[in-house]
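Descriptive analysis of the structure
Residue strings, one per chain:
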Amino acid sequence: MVDLEKALPARSPEGEPVPRADGEGCLVVAVRLPVRIVALVLVLPVRMAWDALVVAGRFLRDTVLRPVGRALAWLGRALFVWPLVGLWRYVVVPVAKGVGWLGNVLLVVPAVWVYRWVLTPVGRALAWCCAGVGAVLTALGRGLYAGLAWLARYLVVVPAGWLYAWVLTPIGHLLAWCGRGLARCGRGVLWCLGKVVTGIGAVLYWTLRILLVLPALAVWRWVLAPVGRALAVVGREFLDALGHAWRIAGHLSRAVGRALAALFRWTVAEPARWVYRSVLTPVGHAVRDTVLRPLAEAARAAGRAGRQALRSARLSVRQARADLRRTLFGEPERTPSVDRREPSGAKARTLGSSTTALTKD
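Every value quoted in this text rests on a predicted model; they were computed, and no experiment measured them.

Okay, the overall build of the protein next. Secondary structure assignment for the protein yields two helices and zero strands. Across the 361 residues in the protein, those meeting the buried criterion constitute 5%. Contacts in the protein between residues far apart in sequence, at least 24 positions, make up 70% of those at least 6 positions apart. Of the roughly 30700 Å² of accessible surface on the protein, 72% is carried by carbon and sulfur atoms.

The full count for this structure, using the stated rule, is three aromatic pairs. Their ring planes at 90° and their centres at 6.3 Å tell us that W74 and W82 sit as a pair that is edge-to-face. In this structure W74 comes out as partly exposed when scored by relative accessible area, which is 48%. Relative to W206, the ring of Y205 has its centre 5.4 Å away and its plane inclined at 75°; by these criteria the two rings are edge-to-face. For Y205, a relative accessible area of 46% gives the class partly exposed. The ring of Y154 is capped by R153, whose NZ or CZ atom sits 5.9 Å from the centre of that ring.

Our next topic: the nonpolar core. General note: in soluble globular proteins, nonpolar side chains tend to be found buried as a group. Counting residues in each nonpolar core, the largest one holds seven residues, listed as A39, L40, V43, A241, A245, I248 and A249. In this structure, A39 is in contact with A241, L242 and A245, ignoring residues within four places of it in sequence.

Okay, the pattern of salt bridges next. As enumerated under the stated definition, the model contains seven salt bridges in all. Among the ionic pairs, D289 bridges to R288, the shortest N-O distance being 3.5 Å. We classify D289 as partly exposed; its relative accessible area is 38%. Salt-bridge contacts for R300 lead to E297; the nearest nitrogen and oxygen are separated by 2.5 Å. Note that R300 and E297 are positioned in helix α1 (residues 26-329) at a spacing of three residues, about one turn of the helix. Using a relative accessible area of 44% as the deciding quantity, one classes E297 as partly exposed. A single network of salt bridges, built from pairs that share partners, joins R61, D62 and R66.

A separate point is a positive patch on the surface. Taken together, the side chains of R304, R307, R311, R314, R318, R321 and R325 define a basic patch exposed on the protein surface. Tracing the backbone shows R314 in helix α1. The class of R314 is partly exposed, set by a relative accessible area of 47%.

Along the chain, the position of S253 falls in helix α1. Given the relative accessible area of 10%, S253 is considered buried. In this structure, S253 is in contact with R47, M48 and D51, ignoring residues within four places of it in sequence.

Another point: the confidence of the model for the protein. In low-pLDDT regions, the fine details of the predicted coordinates are not to be read closely. Of the residues in the protein, 83% have a pLDDT of 70 or more, and the chain-wide mean is 82. Confidence drops under a pLDDT of 50 for residues 1-10, and excluding neighbours within four residues, the segment shows 12 contacts in the predicted structure. The low-confidence segment residues 12-23 (pLDDT under 50) makes seven contacts with residues lying over four places distant or belonging to another chain.

Our next topic: the state of the cysteines. Two cysteines form a disulfide when their sulfur atoms are joined by a covalent bond. Applying the stated criterion to the full structure yields zero disulfides. Not part of a disulfide, C129 finds its nearest cysteine sulfur in C130, a span of 6.8 Å. For C129, a relative accessible area of 42% translates into the label partly exposed.

About the criteria used
- Residues numbered from 1 in each chain as written.
- Predicted model: local features only at pLDDT ≥ 70, side-chain atom pairs only at ≥ 80, totals over all residues.
- Heavy atoms only, no water.
- Helix = DSSP H or I, 4+ residues; strand = E, 2+ residues; numbered from the N terminus.
- Buried < 20%, exposed > 50% of the residue type's maximum accessible area, 1.4 Å probe, protein only.
- Contact = heavy atoms within 4.5 Å.
- Areas by Shrake-Rupley, 256 points an atom, 1.4 Å probe, with all protein chains shown as cover.
- Phe/Tyr/Trp six-rings, centres within 6.5 Å; stacked < 30°, edge-to-face > 60°.
- Lys NZ or Arg CZ within 6 Å of the ring centre and 35° of its normal.
- Core = buried A, V, L, I, M, F, W, Y, C linked by side-chain atoms within 4.5 Å.
- Salt bridge = Lys/Arg side-chain N within 4 Å of Asp/Glu carboxyl O.
- Patch = residues over 30% accessible without salt bridge, like charges linked within 9 Å, V, L, I, M, F, W, Y side chains within 5 Å.
- Lys, Arg positive; Asp, Glu negative; His and termini not counted.
- Charge placed at Lys NZ, Arg CZ, Asp CG, Glu CD.
- pLDDT = per-residue confidence, 0-100.
- Disulfide = S-S within 2.5 Å.

Encoded structure:
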């Protein structure tokens with residue numbers, strides 16, 4: 001049995017309550033029990049309905065959905081898988097093998113022959129010609145490159161070096177000296193602007209801190225934080241109450257289910273079992289021993305008598321047919337039977353003795 005109430009807080013020897021380690025106060029103790037009672041009243045029907053749906057779903061799965069699923073799976077295999085497998089095995093694969101053989105004979109073999117005896121010699125001849133032409137072009141290119149390099153050196157590189165050394169370098173030094181002077185002036189101007197911006201920033205910082213930050217911090221510390229703690233306590237207790245209520249409802253639902261199962265067993269199952277064991281089983285045994293077994297023995301005896309009568313009639317008909325044949329056609333000639341199981345040596349000895357007897361006669 002689940003206890004809905006919390007244990008009483010511990011007290012000191014002087015009679016004063018000792019504070020709990022988790023920091024629970026009077027608000028938590030005052031809210032917990034009503035919330036859990038309300039949660040139990042609200043959750044109990046939902047849990048019982050959920051357990052009933054679970055039992056019904058399992059029964060439906062075991063008795064309806066699983067057999068229907070197996071039947072649909074077998075039907076799907078019979079309608080789709082087996083025909084497709086047969087089509088693939090006995091139609092597509094032989095046709096594909098035939099097409100592959102035809103493709104090999106009509107395309108691959110001629111293409112290999114053309115490549116080996118036509119394209120390869122032609123390609124080697126073209127490669128030899130291209131190699132000769134490439135060697136000639138390489139020699140011409142090297143000579144042209146040497147001439148152009150000599151012209152570029154004495155027409156472009158040497159004048160450009162003289163221009164860099166005697167014109168551009170002095171001008172660059174002059175421009176660098178002017179730039180250093182301007183940089184010193186700019187650093188002074190930037191230092192002055194930095195001091196002005198620092199002062200303006202300090203004024204704005206303290207203005208915003210006094211007008212916005214400190215009031216917002218006070219509202220957060222003295223209003224929002226206490227309200228949030230209270231809401232957190234209430235929410236935590238509500239969730240704990242829902243958890244306890246769900247577990248208690250589960251116990252109650254299980255107890256109700258067991259009671260209904262016991263009622264069904266003692267009102268339906270046990271009487272039916274007693275009737276089956278105490279009434280139907282002796283009656284069935286008596287019917288089997290007094291009626292069914294004598295009937296079965298009589299039926300077997302009648303079957304044996306019928307088979308014997310049929311056998312006797314068959315033998316009589318066969319004998320009459322043999323007598324009629326002898327009367328009409330006479331006694332048939334009988335050929336001497338040869339023992340096929342006699343070994344070859346004994347058979348040779350028998351033939352030799354018979355020939356000897358014939359020669360003596």
